[in-house]
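Fold and contact review
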Amino acid sequence: MAARARSAEETPARAPVDVEAPFLPGGLGPALAFDPSWCLVVGEDPVHGAEPALRRARTPDWSRVEQSLLCVADGVIGTRGVLEEEAGEDLSAVAGAGYYEPAPGVGDRLAGLPVWCDLPLVRDLGSGRRVLDLRDGVLTRTVAHDGDGAGEVGFSSARFACAERPGTEVLVAELSTAVLAEALSADALSADALSAGAAPTLRRTAGGGGAAMARSTEVRAGGPSRIVVERVATYVASAREVPAPSRAAEALGSAVGVGPAGLLAEQRARWSERWAAGDLEVAGDAEMTRALRFALFHLRSSASWRHESAVGARGLSGPAYAGHVLWDADVFVLPVLAAVDRRAARSMLQYRLDRLEAAQRRAAGEGRRGARYPWESATTGDDVTPRSGIDQHGKTVAIRTGDLEAHVTADVAWAAWHYASWSGDWAFLEGPGRPLLVETARYWAARICYDDARRAHISRVIGPDEYHEDVDDNAFTNLMARWNLLRAAELVERPRAAPRKAGGRVDGSAPEGREREEAAHWREVAAALVDGYDPTTGRYEQFTGFSRLEPVLVSTLGTPPLAADLVLGHDKVAATQVIKQADVLMAYYLIPEGTAAESLAANLQYYLPRTAHGSSLSPAVHASLLARAGRCDEALDLLSVARAVDLDDLTATTAGGLHLANLGGLWRAVVHGFVGAQVQRPDDDALVLDPRLPDAWHELRAALTWHGTRVQLTCRRESVRVVPDAPLTVQVHGARARVEPPGRWIG
Ligand code: IFM
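Quick caveat, the model's predicted, so the values are computed rather than measured. Residue positions within a chain follow its written sequence, with the count starting from 1. Per-residue local features are limited, in this predicted model, to residues with pLDDT of at least 70; the limit for side-chain atom pairs, both in listing and counting, is 80 or more; totals at the level of whole chains, interfaces and linings are taken over all residues. As a convention, hydrogens and water are excluded, and side-chain values are obtained from all of the structure's heavy atoms.

The next subject is the site of the ligand. Neighbouring the ligand are Y321, L326, W327, D328, W375, E466, K580, Q581, S615 and L617. Each polar contact in these results corresponds to two N or O atoms within 3.5 Å; when the atoms are within protein, one needs to be able to donate a hydrogen and the other to accept it, and residues that are neighboring in sequence are counted only if both atoms are side-chain atoms. Within the contact set of the ligand, an oxygen atom lies 2.9 Å away from a side-chain nitrogen or oxygen of W327. The separation between an oxygen atom of the ligand and a polar side-chain atom of D328 is 2.5 Å. Here the accessible surface of atoms and residues is derived via Shrake-Rupley with a 1.4 Å probe, and residues count as covered only by protein chains that are part of the display. Taking 280 Å² as the accessible area of the ligand by itself, protein coverage stands at 92%. Each residue is assigned to one class: nonpolar for Ala, Val, Leu, Ile, Met, Phe, Trp, Tyr, Cys and Pro, charged for Asp, Glu, Lys and Arg, and polar for all the others, Gly among them. Taken together, the residues of the shell around the ligand sort by class into five nonpolar, two polar and three charged. Think of it this way: one heavy atom of a residue within 4 Å of a molecule or strand is enough to make that residue near it.

Before going further, it helps to examine the pairing of strand β13 (residues 201-204). DSSP bridges decide pairing: two strands pair if at least two such bridges lie between them. Runs of H or I in DSSP of at least four residues are treated as helices and runs of E of at least two as strands, each being numbered from the N terminus. Bridging between β13 and strand β14 (residues 210-221) involves four bridges; their strand directions are antiparallel. Directly across from R204, in β14, lies its bridge partner G210. Hairpin connection, β13 to β14: the antiparallel pair is bridged by five residues, and G208 has positive phi, about 90°.

For the rest of this paragraph, the subject is the nonpolar core. Counting 176 residues, the largest nonpolar core has W327, W522, M586 and L639 as its most contacted members. In this description, contact between two residues means that some pair of their heavy atoms is separated by no more than 4.5 Å. Ignoring sequence-local partners within four residues, the contact set of L639 consists of M288, A623, L666, A669, V670, F674 and W697. The definition of a nonpolar core used throughout is a set of buried Ala, Val, Leu, Ile, Met, Phe, Trp, Tyr and Cys residues joined through side-chain atoms within 4.5 Å. Partly exposed describes any residue whose relative accessible area lies between the buried limit of under 20% and the exposed limit of over 50%, with all areas from a 1.4 Å probe on protein chains only and scaled to the type maximum.

For the rest of this paragraph, the subject is the pattern of salt bridges. Basic side-chain nitrogens of Lys or Arg form a salt bridge, by our definition, when they fall within 4 Å of a carboxyl oxygen of Asp or Glu. A full pass over the atoms with the stated rule returns 48 salt bridges. A salt bridge links E308 to R355; the shortest N-O distance between them is 3.0 Å. Here R355 lies in the loop between α7 (342-353) and α8 (356-365) and E308 lies in the loop between α5 (286-301) and α6 (327-340), a separation of 47 residues in the sequence. Overall, the relative accessible area of 4% leaves R355 in the buried class. With a shortest N-O distance of 2.7 Å, K580 and E466 are connected by a salt bridge. Taken together, the positions of K580 in the loop between α16 (570-574) and α17 (584-590) and E466 in the loop between β20 (456-457) and α13 (475-493) put the pair 114 residues apart, joining distant regions of the chain. A single salt-bridge network, built from bridges that share partners, covers D279, E281, R293, E699, R701 and R716.

The next thing to look at is the side chain of R226. As for its position among the elements, R226 is in strand β15 (residues 226-238). Here V153 takes part through its backbone oxygen, which lies 3.3 Å from a polar atom of the side chain of R226.

Right, let's get into the sheet that holds strand β12 (residues 168-176). Read from one edge of the open sheet, eight strands run β3-β9-β10-β11-β12-β15-β14-β13, paired in antiparallel fashion. The open sheet is flanked by β3 (39-42) and β13, the only strands paired with a single partner. Strand-to-strand, the axes of this sheet are offset by a mean angle of 15°, without reference to chain direction. Pairing analysis gives seven bridges linking strand β11 (residues 153-161) to β12, with the strands arranged antiparallel. In the sheet register, F160 faces β12, and the bridge partner there is V170. In the packing of helix α4 (residues 245-277) onto the sheet, the strands contacted are β10 (138-144), β11, β12, β13, β14 and β15, and the crossing angle to β15 comes to about 130°. Here an angle of 0 to 180 degrees is reported between the N-to-C directions of two axes, which are lines fitted to C-alpha atoms, with helices fitted over the stretch in contact.

What follows covers the sheet that holds strand β6 (residues 94-96). Pairing is antiparallel across the open sheet formed by three strands, whose spatial order is β4-β5-β6. Because the sheet does not close on itself, it has two edges, and the strands there are β4 (72-73) and β6. For strand β5 (residues 77-79) and β6, the ladder comprises three bridges, and the chain directions are antiparallel. Within the sheet, the bridge partner assigned to T79 lies in β6 and is V94.

For this analysis, a ring pair means two rings from Phe, Tyr or Trp (six-membered ring only for Trp) whose centres lie within 6.5 Å, classed as stacked if their planes differ by under 30 degrees, edge-to-face if by over 60, and tilted for the remaining angles. The full count for this structure, using the stated rule, is 18 aromatic pairs. Taken together, the aromatic side chains of W327, F332, W375, F476 and Y589 make up a single cluster linked through ring pairs. Whether a charge sits over a ring depends on NZ of Lys or CZ of Arg being within 6 Å of the ring centre and within 35 degrees of the ring normal. Taking NZ or CZ as reference, R539 lies 4.0 Å from the ring centre of Y606, over its face.

Structurally, E273 is set in helix α4. Here E273 falls in the partly exposed class, since its relative accessible area comes to 42%. It is 36 Å that separates the C-alpha atoms of E273 and R226, two residues lying 47 residues apart in sequence.

With their axes 8 Å apart at the nearest point, helix α19 (residues 618-628) and helix α21 (residues 660-674) run at an angle of 5° to one another. Taken together, α19 and α21 sit at an angle that is classed as roughly parallel. Across the interface between the two elements, A620, A623, S624, A627 and R628 of α19 pack against N662, G665, L666, R668, A669, H672, G673 and F674 of α21. Of the residues belonging to the contact of α19 with α21, the class tally is six nonpolar, five polar and two charged. Angle categories are assigned with fixed cut-offs, so that under 35 degrees is roughly parallel, over 145 is roughly antiparallel, 65 to 115 is roughly perpendicular, and the rest are oblique.

Let us now look at unusual backbone geometry. In this chain, P560 is followed by P561 through a cis amide linkage whose omega measures 5°. Residue position: P561 is located in the loop between β22 (539-540) and α15 (564-568). P741 connects to P742 through a cis peptide bond whose omega is 10°. Here P742 lies in the loop between β28 (735-739) and β29 (744-746). Phi angles above zero are rare outside glycine, and A322 is one such case at about 55°. Here A322 shows up in the loop between α5 and α6. If you check the backbone angles, R454 has positive phi at about 60° while not being a glycine. Summarising the element assignment, R454 is placed in the loop between β19 (449-450) and β20.

Right, let's talk about α21 for a bit. Taking 1.5 Å as the rise per residue, α21 with 15 residues should run 21 Å; its terminal C-alpha atoms sit 20 Å apart, in good agreement. Here the bend at a residue is taken as the angle between two axes, fitted respectively to the seven residues that end there and the seven that start there. Most pronounced at R668, the bend in α21 amounts to some 30°. When you tally the buried positions in α21, you get 15 out of 15 residues, the bulk of the element. With its phi angle positive at about 75°, G676 sits one or two positions after the end of α21. Here the expected span of a helix is defined as 1.5 Å times the quantity of residues minus one.

Checked against the element boundaries, V408 lands in helix α10 (residues 408-423). We classify V408 as buried; its relative accessible area is 0%. V408 sits 196 residues away from A212 along the chain, and the two C-alpha atoms are 34 Å apart. If sequence neighbours within four positions are ignored, V408 has contacts with W327, R352, Y373, P374 and W375.

And the structure:
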């Protein structure tokens, strides 16, 4: 293994291509030692060998899949893994969280930002070997160049998005002059040839927003015929106003003052702190471990601790779903961040809180009290779900989720409660979170209708299973609505620590006495809401009439995951019991305490064979529930399917960005499914654990933070080691124990 030089003077003229180069390019400093459980390799992969042909064959534009996988983001700005020589032409290479622009047909969509990482290299350079090191978020690229002689480096680069200062991006490249594009080669050694002008680039959107990008490029000689390029870029972007370019310039000045090596040191410190606060490892299984860390890495990269975080279904890694925020954010991404990065979870909630008024407007538009959150949300919080799309035959079809997929309102309330349950933060629920719980409960109370027998119903909805539209009394929606009503009632009835505002009102809506009366009404509604549960079978009926549909099992159509709506056609699938994704089972996933005792097994037994996993988020949900039901080996099988969703582009849609809900599902399948962490209430007085491992695993390690205490868990079949950073009460397999640092084995 040949050493790479660290400074311009020391850089050899021809550096051999080395799989494990000990130094990053351009004097950036030592590389971290290669570790397959931390490093995602694209190109020549020491774990898999050559890139699996199957993946490439299935996905014609595999390079766009790589761009999603290799995205580096800091919660504010995301840069897809575009090649430096192609970056300038790619309109979706760089995205900003919440930086939307109006677009016909989709309401708002993520707007492209000026690209910062483009370099004028020769076009046929090839992508080389790229490694995303999840430990510090540094993406490196090493390309041999024929002109340099076989096996020698023509180009190498290191790129990262500064987790410590969101909106600041760094690229350091070292290259042979032979890889510069023709027109530039004569001047390539001159520092000015590649330097961008000092004035920030300003872009405006049609919606009154804008973005400023400032960048600095330093070019220096790196030895005979070699140059080093150091680039730092900073962004300020807003969907609502055009930022002063000076803000980007100021941030740039500060970052350039620190310099790439200093920024890298900050980056490593921040990520090492992050990994100490939240990590997963399956002992002896580097591939699974890497997939879990890949999930944690990208989830953390999708939100920042800044005021609010709009986390789209694909985060900052791609343009699919126009960057819209769906329940994916609330019930799949937020729970992970609540356990590993509380401030980022809080900032996701702020996004919803800041759009409560829009949700109230929508409810009012329906002639109802309360707040109804949109199925797809962007800048204003108005519903931006497209009303139609094109099917596989080129036919225009109606999209009805925006009108009918109402459960998102309860999902948002669940996210607020769940955040408080992980953090132990009643103050959040009693303060900023309270109007959200109250207004969403009001919506459900206004939405229900009573029948002659005084049973309450919610009609005309779509549940998570989007194959069946416009159904009545969807069990998941009703159970979630009931849960929302009861939690809001509890909050209103709870003696308050904080002084009430003038006039005895909490949010300007109702005096205290009336609120309590309202809470009593919510409890009545919750009790009257039908949920489709049949005590004789122990099963919930997914919606009224589901059991009368044609009882088709997915195994008769093919091997899941499959798009059964494409196999059977939209109308035919709706006439069968084939479902797209967990629906009834989603209730067990989110609110097990709101489901009938001991009924998970019967519902899993019934619904799993009917589930096509036509949505990417479905396999991980089932993995979690199967583990809870004690079917751990089947759980691991589905976890392996979920792992492949993005890493193997299982659904051929990763080119549009990573499926964040699936990534969140992977974490949850391990932490809730296998570790058995149950976190239900902010006043839980113990961290409840109930580990169950599949046969193939002998040890599972998890680091997370519960109620402000950082804890490392090592789960084995018969025992758990608990290492908290402060005294902690745990309940393991039903037995309570107080654990003091430095921790101990239990069981
Ligand atoms: O939100 C999901 C939905 O549940 C199923 N279709 C894909 C959406 C975006 O991930």
